[in-house]
Amino acid sequence: MIYLKLIWSYLKIGFFGFGGGYAMLALIENEIVTPGWISEQTFTDIVAISQMTPGPIGINSATYIGYVAPMMSSPALNSPFWGILGSIICTLVVVLPSFVLVRYAGHYIMRHRNSVALKGIFSGLRPVVVGLIASAALLLMNKANFGTATADVVKSVILCASALCLSLFTKIHPILLIVAAGVIGLLIF
């Protein structure tokens, strides 16, 4: 039964996840954390791991969630076989809508790329995608990432603001920022 629920959830994520992985985060969180398949802390960890591994965040998170959700939903599914099956299913299902849309709509879009209606649709989608990415940033500003103690929140905000300023105003490579943040986090937390 969990597999049918995962298929339905990832079909929705695949069809309505406009704007890439970060724009999908709110939808993924709503579909996966709200039913209780994984905890908010696990979701935050998945996002962090998905950002560090090669590939799109939506696919990476689908693979991981497909692995852990069956085990979290039923003790009878607590074996690597059921997790691997869930990973394969979720990964294929989240990619399927994009594959179908690109395969069949891509030809139509290329033929009508100068259409006023099509340009209007894409102009309307751009601000929505920016809003969804901003929503993902706000979604990740939770107690799992920033802590609950005032001192931890202050440290986290300073670390976050420092990383933002360094990435915006210097030419420091993002990988160096990630490594530095990990080392600083290890030292201060």
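Student: Please provide a residue-by-residue account of the packing of helix α8 (residues 150–169) against helix α9 (residues 174–188), values included.
Tutor: Two numbers describe how α8 lies on α9: the axes approach to 11 Å, and their chain directions differ by 160°. Considering their axes alone, α8 and α9 lie roughly antiparallel with respect to each other. Crossing handedness for the pair α8 and α9: right-handed. Residues Lys155, Leu159, Ala163, Leu166 and Ser167 of α8 lie in contact with α9, whose contacting residues are Leu177, Ala181, Ile184 and Ile188.

Student: Kindly report on a nonpolar patch on the surface, identifying the contributing residues and their values.
Tutor: On the surface, a nonpolar cluster with roughly 660 Å² of combined accessible area is contributed by Ile175, Val179, Val183, Ile184, Leu187, Ile188 and Phe189. With respect to the helices and strands, the residue phenylalanine 189 is situated in the segment after α9.

Student: Before we move on, could you go through the packing of aromatic side chains and cite the residues and values that matter?
Tutor: Taken as a whole and assessed by the stated rule, the structure comprises two aromatic pairs. Each ring, one from tyrosine 3 and one from tryptophan 82, has its centre 6.3 Å from the other, and the planes form 40°; the classification is tilted. Of this pair, tyrosine 3 sits in helix α1 (residues 2–16) while tryptophan 82 sits in helix α5 (residues 80–111), and the two are 79 residues apart along the sequence. Judged by relative accessible area, tyrosine 3 falls into the buried class, the value being 13%. Consider the rings of phenylalanine 81 and tryptophan 82, whose centres lie 4.9 Å apart with planes at 75°: the pair is edge-to-face. Here phenylalanine 81 falls in the exposed class, since its relative accessible area comes to 55%. Site record: aromatic cluster; members linked through ring pairs are Tyr3, Phe81 and Trp82.

Student: Can you explain α1? Please cite residues and give values.
Tutor: In this model, α1 (15 residues) spans 21 Å end to end at C-alpha, consistent with the 21 Å of a helix rising 1.5 Å per residue. Here α1 has its buried residues at Ile2, Tyr3, Leu6, Ser9, Tyr10, Ile13 and Gly14. Down the axis of α1, the buried set is contained in an arc of 135°. They therefore lie on one face. Seen from the buried face of α1, the exposed residues on the opposite side, beyond 90 degrees, are Leu4, Trp8 and Phe16. Lining the buried residues of α1 we find α2 (21–32), α4 (57–73) and α5.

Student: Give me the lowdown on the nonpolar core, citing residues and values where you can.
Tutor: By size, the foremost hydrophobic cluster in this structure holds 27 residues, and its most contacted members are Leu6, Tyr10, Ile28, Ile32, Ile38 and Ile65. At the level of elements, α1, α2, α3 (40–52), α4 and α5 are the ones that each hand at least two residues to this core.

Student: Now, about the environment of valine 153: what can you tell me, with residues and values included?
Tutor: As for its placement among the helices and strands, valine 153 is situated in helix α8. Residue class for valine 153 comes out partly exposed when judged on its relative accessible area of 30%. Residues valine 153 and lysine 143, ten residues apart in the sequence, show an inter-C-alpha distance of 8.4 Å. Other than its neighbours up to four places away in sequence, valine 153 contacts Phe146, Gly147 and Thr148.

Student: Residue-level account of α3, with values.
Tutor: Taking 1.5 Å per residue as the helical rise, α3 with its 13 residues ought to reach 18 Å, and the 19 Å between its terminal C-alpha atoms agrees with that figure. Taken together, the buried positions of α3 are occupied by Thr42, Phe43, Thr44, Ile46, Val47 and Ser50. Contacts made by the buried residues of α3 are with α2, α4, α6 (116–139) and α7 (143–146).

Student: Pulling in residues and values, what's your account of the confidence of the model for the chain?
Tutor: Caution applies to low-pLDDT parts of the model: their predicted coordinates are not meant to be read in detail. Across the chain, the average pLDDT comes to 86, with 99% of residues at or above 70. For the chain, α7 is the element with the lowest average pLDDT, namely 74, and α1 is the one with the highest, namely 90.

Student: Before we move on, could you go through the environment of leucine 125 and cite the residues and values that matter?
Tutor: By secondary structure assignment, the location of leucine 125 is in helix α6. Using a relative accessible area of 27% as the deciding quantity, one classes leucine 125 as partly exposed.

Rules behind the numbers
Residues numbered from 1 in each chain as written. Predicted model: local features only at pLDDT ≥ 70, side-chain atom pairs only at ≥ 80, totals over all residues. Heavy atoms only, no water. Axes fitted to C-alpha atoms, helices over the stretch in contact; angles between N-to-C directions. Helix = DSSP H or I, 4+ residues; strand = E, 2+ residues; numbered from the N terminus. Parallel < 35°, antiparallel > 145°, perpendicular 65-115°, else oblique. Left-handed = near helix turned anticlockwise from the far one by under 90°. Contact = heavy atoms within 4.5 Å. Patch = residues over 30% accessible without salt bridge, like charges linked within 9 Å, V, L, I, M, F, W, Y side chains within 5 Å. Areas by Shrake-Rupley, 256 points an atom, 1.4 Å probe, with all protein chains shown as cover. Salt bridge = Lys/Arg side-chain N within 4 Å of Asp/Glu carboxyl O. Phe/Tyr/Trp six-rings, centres within 6.5 Å; stacked < 30°, edge-to-face > 60°. Buried < 20%, exposed > 50% of the residue type's maximum accessible area, 1.4 Å probe, protein only. Expected span 1.5 Å × (residues − 1). Arc of directions from axis to C-beta. Core = buried A, V, L, I, M, F, W, Y, C linked by side-chain atoms within 4.5 Å. pLDDT = per-residue confidence, 0-100.

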